[in-house]
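# Structural features, examined
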Amino acid sequence: VICDVSNPRLMSAVVHNLKEVCVQLGFTDYKMEGNDDSEWLLFEVDHIVVSVFLKEARELYNIERLWHEYVVR
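The model shown is predicted, which means the values in this text are computed figures rather than measured ones.

A word on the packing of aromatic side chains. One pass over the structure, following the stated rule, counts 4 aromatic pairs. Seen from their ring centres, F53 and Y61 are 6.4 Å apart, and the 35 degrees between their planes marks the pair as tilted. For Y61, a relative accessible area of 37% gives the class partly exposed. Ring pairs connect the aromatic residues W40, F53 and Y61, which therefore count as one cluster.

Here it is, written out as structure tokens:
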């Protein structure tokens with residue numbers, strides 16, 4: 001899952017909510033890369049990876065370009 005947000009505070013809120021939902025669903029073994037100063041946070045739980053970008057960073061890194069050949073059908 002790839003998404004972007006408009007500011008660091010919103011990014012923190014998105015990741016906080018991801019953690020809360022994981023705990024509610026019984027997934028306690030999640031991992032997160034990045035910190036409050038990051039432009040890109042990576043959240044992994046089970047076999048799902050969520051990339052949360054600041055809007056400018058998503059445009060800069062353009063990771064969709066890397067995955068465009070691997071579309072799940």
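Read on for the rest.
Tracing the backbone through its elements, the reader meets D37 in the loop between β2 (30-33) and β3 (40-45). According to the relative accessible area criterion, D37 is exposed, its value standing at 74%. For the pair formed by D37 and P8, sequence separation is 29 residues and the distance between their alpha carbons is 7.7 Å.

Turning our eyes to something else, we now look at the pattern of salt bridges. Opposite charge on two side chains lets them pair, provided their charged atoms get close. Using the criterion set out here, one finds 3 salt bridges in the structure. Of the charged contacts, one joins R58 and D4 as a salt bridge, the two residues approaching to 2.8 Å between their closest N and O atoms. Here D4 lies in strand β1 (residues 2-5) and R58 lies in helix α2 (residues 55-61), a separation of 54 residues in the sequence. Judged by its relative accessible area of 21%, R58 is partly exposed.

Turning our eyes to something else, we now look at the state of the cysteines. In the structure shown here, the tally under the stated rule is 0 disulfides. Looking at C3, it has no disulfide partner, and the nearest cysteine sulfur is the one in C22, 14 Å off. On the basis of relative accessibility, which here comes to 23%, the residue C3 falls in the partly exposed class. What makes C22 buried here is its relative accessible area of 8%.

Thresholds applied
Residues numbered from 1 in each chain as written. Predicted model: local features only at pLDDT ≥ 70, side-chain atom pairs only at ≥ 80, totals over all residues. Heavy atoms only, no water. Phe/Tyr/Trp six-rings, centres within 6.5 Å; stacked < 30°, edge-to-face > 60°. Buried < 20%, exposed > 50% of the residue type's maximum accessible area, 1.4 Å probe, protein only. Helix = DSSP H or I, 4+ residues; strand = E, 2+ residues; numbered from the N terminus. Salt bridge = Lys/Arg side-chain N within 4 Å of Asp/Glu carboxyl O. Disulfide = S-S within 2.5 Å.

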